[in-house]
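# A look at the structure
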Amino acid sequence: MARSLNEWLWQHEFWLPPGITWEDMQESEDVHYPQPRDLLLSFPFALVLVVVRYAFERAIALPLSSKLGVRDKQRPKAQPNPTLEAFYSTRCKNPEEASPFLLCFPLDLAPGELISLAKQCDLPARKVEKWFRHRRNTDRPSLSKKFCEACWRFTFYITSFITGLAVLYDKPWLWDHRECWTGYPQQPLQPSLFWYYLLELSFYWSLVFTLPFDVKRKDFKEQIVHHAATIFLISFSYCANYIRIGTLVMVIHDASDCFLEPTKIFNYMKWKKSCDSLFMIFSAVFLISRLVIFPYTVLYNTYYYSMEIFEPFFGYYFVNALLITLQLLHVFWSCLIIHMVYKFILQGTMEKDMRSDTEESDKDEEGEKMREKEKNGITYFSSVTSNSYIQRNESEPLNNRTHLTNGHVKER
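For clarity, every value in this text was computed on a predicted model and none was experimentally measured. (Residues numbered from 1 in each chain as written. Predicted model: local features only at pLDDT ≥ 70, side-chain atom pairs only at ≥ 80, totals over all residues. Heavy atoms only, no water.)

## A word on the environment of Arg126
Under the convention used in this document: A run of DSSP states H or I qualifies as a helix once it reaches four residues; a run of E qualifies as a strand once it reaches two. Both are numbered from the N-terminal end. The rule is simple: take the accessible area with a 1.4 Å probe, protein chains only, and divide by the maximum for that residue type; under 20% is buried, over 50% is exposed, in between is partly exposed.
As for its position among the elements, Arg126 is in helix H6 (residues 125-139). By relative accessible area, Arg126 is classed as buried at 10%.

Next comes the structure, spelled out in structure tokens:
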């Protein structure tokens, strides 16, 4: 069965244009073509990159962060509480709260997960809410972790981009994109192109291996789609000998990434002016390379120019589907970037990365909630949410109670 599956998978109708078979691409002593088995080397190389990254972050990036003044914020730790920890781990990290109006009534009448947990732990609801806030902040990556990750990616992207330019500067298809299809698919594989491909594929496999441990941002799902599409695209383009198109895709992507990571580094260092300036440069490079150069150089090239050489086949549709998926992600990220640039033009300062997860502050969150409640004419004391407080004061005379008058507290 495995043999039948292998024969079906490697049918030349899937991978090669009509009229071309695998026999037409037989290797000789002087001529070498891409072989699918070569891609297996990317797995051990990816593991090597993971080890190199770990050593780099510990030996270079982490000490560098201390010297450049990157300091982790001291976060209050959540007190051990088995009930709350079990809820946090198994159900959700942010329990729902009852309506502020309902909290003015006895707790038995106030619905909400927060109130239920408060009753189970015999704690005020505000302390339970504060526990979850501290617990969430504990799970958020530290500033030094973000700095180390950005340093590693910047080191790789700048190395990969320079490598790509060194490999492609004398290649005709870098300057004349129609050359991508000259003699296709019988285009011999040069050693420099093989190692460039292996470097890029190994890096993206290493990102997949470290995905559970890397900093998670709001576009986490889009990043997974991007990594998957990139790996499929690199692998398929290698097997189908789309090497020339693949090298153009990789060097175009690395061009803007070289500016993104140092922008993050300056942001973590609190060098605001340098961060803002570099972000504007990154925005220009990203928008031009991903929305102008990539569609014309790659998409138009593969969709139209290739049809001058051969008729459509499965590989043609598959590679264009992957390229269009990448382009949709480019449009998504371009919208985020344009929004940030627009804010910068209006406010004169760069707002935080919209993909980043903001650390919650007790003071800021409490102040915001109190202002919202006062605006609606509803003010109450957090201790009212405790059952014991209600029981102690249920016999208190009415004239000693706190009431609301036009949204303000008034004592009788």
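## Notes on the confidence of the model for the protein
This is how it is decided: Summary of the metric used: pLDDT quantifies the predictor's per-residue confidence within the range 0 to 100. In this description, contact between two residues means that some pair of their heavy atoms is separated by no more than 4.5 Å.
Mean pLDDT over the protein works out to 78, with 77% of the residues at or above the 70 mark. Note that pLDDT drops below 50 for residues 98-111; the model gives that stretch 28 contacts with residues more than four away or on any other chain. In this model, residues 374-412 is a region of pLDDT below 50 whose contacts with residues beyond four sequence positions or in other chains number 50 contacts.

## A closer look at the nonpolar core
Put simply, the test is: Nine residue types can take part in a nonpolar core, namely buried Ala, Val, Leu, Ile, Met, Phe, Trp, Tyr and Cys, and a core is a set of them joined through side-chain atoms within 4.5 Å.
Ranked by internal contacts, the top residues of the largest apolar core, which has 64 residues, are Trp181, Phe203, Tyr242, Val249 and Val298. At the level of secondary structure, the elements contributing two or more residues to this core comprise helix H3 (42-67), helix H7 (143-168), helix H9 (191-209), helix H10 (220-239), helix H11 (243-268), helix H12 (272-303) and helix H13 (314-347). Examining the composition of this core, we find that 10 residues originate from one element, H11, more than from any other. The residues touching Val298, leaving out its near neighbours within four places in the chain, are Ile245, Leu248, Val249, Ile252, Ile293 and Leu323. Grouped together as the second largest cluster of nonpolar side chains are 12 residues, Leu84, Leu117, Cys121 and Ala125 included.

## So, the packing of aromatic side chains
Threshold: The aromatic pairing rule takes the rings of Phe, Tyr and Trp, using the six-membered ring of Trp, and pairs them if the centres are within 6.5 Å, calling planes under 30 degrees apart stacked, those over 60 edge-to-face and the rest tilted.
What the rule picks out here adds up to 30 aromatic pairs. Aromatic side chains Tyr303 and Tyr304 sit 4.9 Å apart centroid to centroid with 80° between the ring planes, which places their arrangement in the edge-to-face category. For Tyr303, a relative accessible area of 41% puts it in the partly exposed group. Between the aromatic rings of Phe310 and Phe313, the centroid separation amounts to 5.5 Å while the plane-to-plane angle is 70°, which identifies the pairing as edge-to-face. Since its relative accessible area comes to 8%, Phe310 is described here as buried. Residue Phe313 is classed as buried on the basis of its relative accessible area of 6%.

## Quick look at the pattern of salt bridges
Pairing is possible between side chains that carry opposite charge, provided their charged atoms lie close to one another. Selection rule: We define a salt bridge as a side-chain nitrogen of Lys or Arg found within 4 Å of a carboxyl oxygen belonging to Asp or Glu.
For the coordinates displayed, the defined rule picks out 9 salt bridges. Across the salt bridge formed by Lys171 and Asp170, the nearest N and O atoms sit 3.0 Å from each other. Through salt bridges with shared partners, a single network forms among Arg53, Glu57, Arg58, Glu149, Arg153 and Asp214.

## Thoughts on a nonpolar patch on the surface
Here is the rule we go by: Two joining distances apply to patches: 9 Å for like charges and 5 Å for nonpolar side chains (Val, Leu, Ile, Met, Phe, Trp, Tyr), and every residue must have over 30% relative accessible area and no salt bridge. Per-residue and other accessible areas follow the Shrake-Rupley method at a 1.4 Å probe size, with only the shown protein chains counted as cover for residues.
On the surface, Ile288, Leu291, Val292, Ile293 and Val331 cluster together into a nonpolar patch covering about 390 Å² of accessible area. With 4 residues, the single largest contributor to the nonpolar patch is H12.

## Description of helix H5 (residues 113-121)
So the rule is basically this: The arc in question is traced by the directions running from the helix axis to the C-beta atoms.
Of the residues making up H5, those classed as buried are Leu114, Ile115, Leu117, Ala118 and Cys121. Buried positions in H5, seen along its axis, are confined to an arc of 165° and lie on one side of it. Downstream of H5 by one or two residues, Asp122 has phi in the positive range, about 55°.

## Points about unusual backbone geometry
The phi angle at Asn241 is positive, at roughly 65°, despite the residue not being glycine. For Asn241, the location among the structural elements is in the loop between H10 and H11. Classification of Asn241 by relative accessible area gives buried; the value is 2%. Notably, Lys270 is not glycine yet its phi reads approximately 65°, a positive angle. Examined against the element boundaries, Lys270 turns out to sit in the loop between H11 and H12. The class of Lys270 is exposed, set by a relative accessible area of 65%.

## Some words on the side chain of Gln327
Tracing the backbone shows Gln327 in helix H13. According to the relative accessible area criterion, Gln327 is buried, its value standing at 11%.

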